[in-house]
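# Remarks on the overall topology
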Amino acid sequence: MAKVLSHEEIIQILKQFDEKWEIEDNGKKLKKEFRFKSFIEAFSFMTKIAIYAEKKDHHPEWSNVYNRVKICLTTHDAGGITDKDIDLINFIEKK
């Protein structure tokens, strides 16, 4: 099972990203909203992430309304944020 990261570890890791990910649920989830020019761009973004997430067997909680995508990450079986979530953030931020 993946090790849950401490609040301090999460803060340090998140500093490397330009856009802010919000820490929620007492440090157990990371959340961010993305906006795009169109529904097609938003859905394309989600599709790329879905393929990667399936390969990694680590799936986001997310929603899509027109040009907005809300993503929430946590490692359910570990009960918090782990390296699996950070790996997915690294992939997401490159898209």
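Figured I'd write up the structure that's included with this text. (Residues numbered from 1 in each chain as written. Predicted model: local features only at pLDDT ≥ 70, side-chain atom pairs only at ≥ 80, totals over all residues. Heavy atoms only, no water.)

### Re the overall build of the protein
Helix and strand content of the protein: 3 helices and 4 strands. Secondary structure elements of the protein, listed N to C terminal, follow the sequence α-β-β-α-β-β-α. On C-alpha atoms alone, the protein measures out to a radius of gyration of 13 Å, which is about the 12 Å that the 2.2 N^0.38 rule sets for 95 residues. Each of the three principal axes of the protein carries a C-alpha extent, and together these read 35 × 25 × 20 Å. Here the protein, with 95 residues, has 36% of them falling under the buried criterion. For the protein, long-range pairs separated by at least 24 residues make up 60% of all intrachain contacts whose partners lie at least 6 apart in sequence. Counting every atom, the protein has about 6100 Å² of accessible surface; 50% of that belongs to carbon and sulfur. (Helix = DSSP H or I, 4+ residues; strand = E, 2+ residues; numbered from the N terminus. Rg over C-alpha atoms; globule rule 2.2 N^0.38 Å. Buried < 20%, exposed > 50% of the residue type's maximum accessible area, 1.4 Å probe, protein only. Contact = heavy atoms within 4.5 Å. Areas by Shrake-Rupley, 256 points an atom, 1.4 Å probe, with all protein chains shown as cover.)

### Description of the sheet that holds strand β4 (residues 68-73)
Adjacent strands of a sheet pair through backbone hydrogen bonds, lying either parallel or antiparallel. Strand order in this open sheet of 4 strands is β1-β2-β4-β3, and the pairing throughout is antiparallel. Each having just a single partner strand, β1 (22-24) and β3 (61-65) make up the two edges of the open sheet. For this sheet, the mean inter-axis angle between neighbouring strands, taken without regard to orientation, is 20°. One ladder, built from 3 bridges, connects β1 with strand β2 (residues 29-35); its direction is antiparallel. By the bridge assignment for β2, Ile 23 is matched with Leu 30. The strands that helix α1 (residues 7-14) touches are β1 and β2; relative to β1, the one it contacts most, it runs at about 160°. (Pairing = 2+ DSSP bridges. Axes fitted to C-alpha atoms, helices over the stretch in contact; angles between N-to-C directions.)

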